[in-house]
Amino acid sequence: MSILKQVQEKLGKPYHDLEFLLICLKETLTENGEAELASHIPWINDEDAETDPALLSEKHVQLCSLVFQLLNMVEINGAVQNRRKLEDEYSMSSVNGLWANCLQTLKEQGIDQEEIARMLTEIRVEPVLTAHPTEAKRSTVLEHHRTLYLLVVKRENKMYTAREQREIRQEIKLALYRLWKTGEIFTEKPDVASELRNVLHYMVNVFPEVMPILDRRFLQAWEEVGFDVKHIREYDRMPRISFGNWVGGDRDGHPLVTANVTSETLVTLRLNALVIIRKALTDLVRNISFSLDFSLADNSLKDRILRIREEIGREADAAIERNEGEVFRQYINLLMTKLPLDIKREQATALLDKPGSYKFASELIEDLKILHNSLLRFGAETIAYTDINDMMRLVQTFGFHTAHLDIRQNSQFHEQAISQLMHAASLDGEWYLKASEEEKVKFITSELQSNRPFTHPNMELEYQAQEEKETMNALSDHIEKYGLDGIGSLIVSMTGSLSDLLEVYLLARESGLTRQTDEGIVCILPVVPLFETIEDLRIGHLILKEFVNHPFTRRSLNYMQKINNESLPVQQVMVGYSDSNKDGGILASQWGLYQAQTNLALVGSACGVKIRLFHGKGGTISRGAGPTHWFIKALPPESMNGDIRLTEQGETIAQKYANKINASYNLELLLAGTTLATLLSRNKMTDRYPLSDILENLSVESYRHYKKLINHKSFLQFFSEATPIDAIEASKIGSRPVRRTDSRNFDDLRAIPWVFSWSQNRYNITSWYGLGSTLLNFERSDPGGFKRFKEAVVFDPLIRYVLTNVDTSLAATDEGIMKAYAAMVQDEKVRTTILDLLLDELAKTRKALEILLERPISDRRKQHYYSNVLRAEAMHSLHMNQIALLKLWRKQKSSGDFQSADKTLVRLLISINAISSALRNTG
């Protein structure tokens, strides 16, 4: 029996769908002159048509890549259909982590609907989309994927006749052919603008349509558990979701993100928000077709119509004349006319601030409230609480800015900029670079007594100072025109001291981003620390305490509290999952993050400040990925206050949000999980984490093991030769450089390509190394403590989350493939020394997890296990092909044959993409 048939027997329909797609692909290739290639499609060909991996052509590898993408697609669809089946056959609460399940849990905990409803207004969740170089597929390919997915879903519908099903099959074959003929890798490095277009696809085409789905599901879940919908039917009683964006604002080691790019990004985001709103208002005009003359409308609606006519002048006449006798439509036409857009041939083409046009989204919401209340008085309650609520929720979510643009820069860059500004002001900038932390803080604090900048507008500055000043000027100009709504935060990566944060206030002062108030000078934008390394996470709460208690920060927080109408001052803090893992390994990172978040939250409580945690997660396990609801459950209770941000990176964005049903599911997990964790944390006393001592000791020991490996004198040589890091560095995947500077050391390498490299060769050391030795030593030295730890695996969310993720990573780790890549290391002593260390630790980690988890993964996680079995059969030749290409490419480069090397690199990048598809992740 073939492996595909075996998996079909175990897991059912998704793998029958896979067979259907593969047969369609085989027919498509055969019909277009590729019969020989079609015989190499994995899993469906009777004869073994395997070619020598070293001789695999680009087409063979591209075919494998496409096949794995089809497998990923049917598995996603299978999960969607399984959730729908569970909800249909049992109840909405049968799916773990979603609204009904969470509300039922809260109800069983004795939390009544009134308390839940009060809490909902405090829920604020913000996914932040980034463009880190982890998406190996071009945006064009992603578009074709979306088309094919919809056809696969369409095929599920039983309403279609046999003839119509044949037509759907033909459409699927056409979609497959388009995918096949579309070049899959980036032959030119994408610019920031193209990355922004990719992010905007989700912002404009997916999320606006998902929002009503999310709200409907929430209302349905609320009623299903027996709650009264009157508590939550007003649009502002629902949990809030908004979106953030780093593309065009994240300049940490990214020279292509200039001030002009940031300015253009902010304008593009504003334009797209208005396009989203205009489209929704156009739909609203179509739907609200009630006959009611202006004279019969209620006074508030009539008064507002007359005022809008005065505000926008003659343009109002066309809006009113369009739907005579339909006052609600006339009113919506007027709202559309007030949008600050240039409309040509019924298309919004540019921003245009006309007399009387809206400046802020809040103005539009106030006008929509008038419409909502007028419809209630008219008797159209259903429309008021659906269509108009949806419209207000849309404006609440996207504003006039689509997503909040964060500005991130490295603390060292800021330090250099301050030094250079001091030089320009005839001060001793060299002194500043050499000064102690105490001296720096004293100097900055003194400077912040005055609103006087260091420089004047036309002064020539050195690079870092010029870049910072231009960036801050761009923000200042945008705020002057459009207000603060579109700007997120000023994030300081690699924050290691108080001065790293205070420096940003000086840079903001330079461009008019400070204000003189009665209490003193304040900064109008939030400054946010990003704690990334193990050490910075350890001391982060001490830095935060100094920062929020600094007079300038406290005044600024109070100022922003008033502007945003918050109940408490809010200080955002970002924690980095990627760099902490690269720095200290999986357990030290996870425990360090848990402790840091606990301590940061406690500082906030002690200082009367609400801490908004921003989780800098990646797309892989070692960079913080994992099931959303389990991730949230594993967060410290002290840190759960209903307010959370988290990054969505690279290929994760497409996996979660490429289709609307899956997008709705993932956003619902985030909203519902945050609500559940927040309410549970408030309704029970939380003592110190019960296994703190155990996890602290395990963390310290695993950190020691991990550091011993990466500090080994032969490790970097092994890494550079046994992984495709050099090919990844030469790839055209993302606009961002792989390294922050031109340095070639370990510290300068970004966490993403670091993880990417170890996943490509199936080592995955970033998600398990150091854990095995630590746990087995623990079992020997403290059997009682180990027993407590093992018992906690069943009920402790943190331990369960970490070990489940490690288990997932181990399932994708392959000793045979590891040895094959290690064979590329030329120095035999280096090769055997490091490989022996890795294989020994891998064996120990597998043994430790067998003891802790007891049942084999084939029983515990049937879907995951058999999916991996299926993938493994088709991956072997891809790995052997990549090894052959790496050897050839490196040889060509060393001999100076760069023309041949460039051609080989294209084939190598196709192989990287194929393996990424097979593994379902990159970095």
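The structure we're discussing is the one just above.
Residues numbered from 1 in each chain as written. Predicted model: local features only at pLDDT ≥ 70, side-chain atom pairs only at ≥ 80, totals over all residues. Heavy atoms only, no water.

Brief notes about the overall build of the protein chain
The condition is simple: Put simply, DSSP marks the helices as runs of H or I at least four residues long and the strands as runs of E at least two long, and each gets a number from the N terminus on. As a reference, a globule follows 2.2 Å times the number of residues to the power 0.38, and the radius of gyration itself is taken over C-alpha atoms. The buried label goes to any residue with under 20% of its type's maximum accessible area, the exposed label to any with over 50%, and the partly exposed label to all in between, with areas taken from a 1.4 Å probe on protein chains only.
The helix and strand inventory of the protein chain stands at 39 helices and 13 strands. The C-alpha radius of gyration of the protein chain comes to 29 Å, within 12% of the 29 Å expected for a compact globule of 923 residues. For the protein chain, the C-alpha atoms occupy an extent of roughly 85 × 80 × 65 Å along the three principal directions. Here the protein chain holds 923 residues, and the buried ones make up 61% of them.

Notes on the side chain of His201
Applicable threshold: Two N or O atoms form a polar contact when they lie within 3.5 Å of each other; inside protein one atom must be a possible hydrogen donor and the other a possible acceptor, and for residues adjacent in sequence the pair counts only when both atoms belong to side chains. Should any heavy atoms of two residues lie within 4.5 Å, those residues are counted as being in contact.
Along the chain, the position of His201 falls in helix H9 (residues 192-224). Classification of His201 as buried rests on a relative accessible area of 13%. Of the polar contacts made by the side chain of His201, one reaches the side chain of Arg146; its length is 3.4 Å. Dropping the residues within four chain positions of it, His201 is found in contact with Glu143, Arg146 and Val206.

Here we look at the packing of helix H16 (residues 411-424) against helix H20 (residues 498-509)
Filter applied, for reference: To define axes, lines are fitted to C-alpha atoms, for helices over the stretch in contact only, and angles between the resulting N-to-C directions are given on a 0 to 180 degree scale. The scheme is simple: roughly parallel for angles under 35 degrees, roughly antiparallel for over 145, roughly perpendicular for 65 to 115, oblique for anything else. Crossings are assigned a handedness: left-handed for a near helix turned anticlockwise from the far helix by less than a right angle, right-handed for a clockwise turn.
Running from amino to carboxyl end, H16 crosses H20 at an angle of 50°, the nearest separation of the two axes being 9 Å. Taken together, the axes of H16 and H20 are oblique relative to one another. Considering only the axes of H16 and H20, their crossing is left-handed. In this structure, H16 uses Ser411, His414, Glu415, Ala417, Ile418 and Leu421 to contact H20, whose residues at the interface are Asp500, Glu503, Val504, Leu506 and Leu507.

Some details on the pattern of salt bridges
So the rule is basically this: One speaks of a salt bridge when a side-chain nitrogen belonging to Lys or Arg is within 4 Å of a carboxyl oxygen belonging to Asp or Glu.
In this structure the tally under the stated criterion is 48 salt bridges. The salt bridge partner of Lys13 is Glu156, with a shortest N-O separation of 2.9 Å. Here the residue Lys13 occupies a position in helix H2 (residues 13-31), and Glu156 occupies one in helix H7 (residues 139-156), the gap between them amounting to 143 residues.

So, the pairing of strand S6 (residues 404-410)
Put simply, the rule is: The pairing criterion for strands is at least two bridges between them, as found by DSSP.
In terms of burial, S6 is largely enclosed, as seven of its seven residues are buried. Residue alternation in S6 divides its side chains into two sets, His404, Asp406, Arg408 and Asn410 and Leu405, Ile407 and Gln409, and both sets are buried. Inspection of the sheet shows strand S3 (residues 244-245) paired to S6 by two bridges, in the parallel sense. Paired with Asn245 across the bridge in S6 is Leu405.

Re the state of the cysteines
Going by this rule: The term disulfide is used for any two cysteine sulfur atoms that are within 2.5 Å.
A full pass over the atoms with the stated rule returns zero disulfides. Cysteine Cys24 shares no disulfide, and the gap to the nearest cysteine sulfur, in Cys64, comes to 19 Å. Cys607 provides the cysteine sulfur closest to Cys523, a residue in no disulfide bond, and the two sulfurs are 19 Å apart.

Observations regarding the nonpolar core
Basically, it comes down to this: Note on terminology: a nonpolar core comprises buried Ala, Val, Leu, Ile, Met, Phe, Trp, Tyr and Cys residues joined through side-chain atoms within 4.5 Å.
Core analysis: the biggest nonpolar cluster contains 279 residues, and Leu18, Trp43, Phe207, Phe718, Tyr763 and Phe789 have the highest contact counts within it. Here this core takes 15 residues from H9, the largest share from any one element. With sequence-adjacent residues up to four places away left out, Phe789 is seen in contact with Ile694, Leu695, Leu698, Leu775, Phe778, Ile799, Leu803 and Leu852.

Quick look at the environment of Thr337
Within the secondary structure layout, Thr337 lies in helix H13 (residues 327-337). Overall, Thr337 belongs to the buried group, its relative accessible area being 13%. Each C-alpha atom, one on Thr337 and one on Lys354, is 9.7 Å from the other, the two residues being 17 residues apart in sequence. Once residues lying within four places of it in the same chain are set aside, the contact partners of Thr337 are Ile312, Glu315, Ala319 and Lys354.

Quick word on the packing of aromatic side chains
Counted only if it meets this: Ring pairs shown here join Phe, Tyr and Trp side chains whose ring centres sit within 6.5 Å, with only the six-membered ring taken for Trp; geometry is labelled stacked below 30 degrees between planes, edge-to-face above 60, and tilted in between. Whether a charge sits over a ring comes down to the Lys NZ or Arg CZ being within 6 Å of the ring centre and within 35 degrees of the ring normal.
The full count for this structure, using the stated rule, is 34 aromatic pairs. Taking the centre distance of 4.5 Å and the plane angle of 50° together, the rings of Tyr505 and Phe552 count as tilted. Residue Tyr505 is found in helix H20, and its partner Phe552 is found in helix H22 (residues 551-564); the two are separated by 47 residues along the sequence. Exposure remark for Tyr505: the relative accessible area of 3% places this residue in the buried category. Ring pairs connect the aromatic residues Phe715, Phe718, Phe719, Trp754, Trp758 and Tyr763, which therefore count as one cluster. The ring of Tyr665 carries the charged tip of Arg83 above its face, separated from the ring centre by 3.3 Å. Residue placement shows Arg509 over the ring face of Phe454; its charged tip is 5.0 Å from the ring centre.

Section: helix H24 (residues 586-607)
Counted only if it meets this: To estimate the expected span of a helix, count its residues, drop one, and scale the result by 1.5 Å.
Taking 1.5 Å as the rise per residue, H24 with 22 residues should run 32 Å; its terminal C-alpha atoms sit 31 Å apart, in good agreement. Most of H24 sits inside the fold, with 17 of its 22 residues counted as buried. Of the residues trailing H24, Gly608 is marked for its positive phi of about 70°.

A closer look at unusual backbone geometry
We note that Trp43 has phi near 80°; this positive angle belongs to a residue other than glycine. Mapped onto the fold, Trp43 is located in the loop between helix H3 (35-38) and helix H4 (58-89). Given the relative accessible area of 10%, Trp43 is considered buried. Of note in the backbone geometry, Asn764 takes a positive phi value of approximately 55° without being a glycine. Looking at the element boundaries, Asn764 is found in the loop between helix H31 (751-760) and helix H32 (771-781). Residue Asn764 is classed as buried on the basis of its relative accessible area, which comes to 12%.

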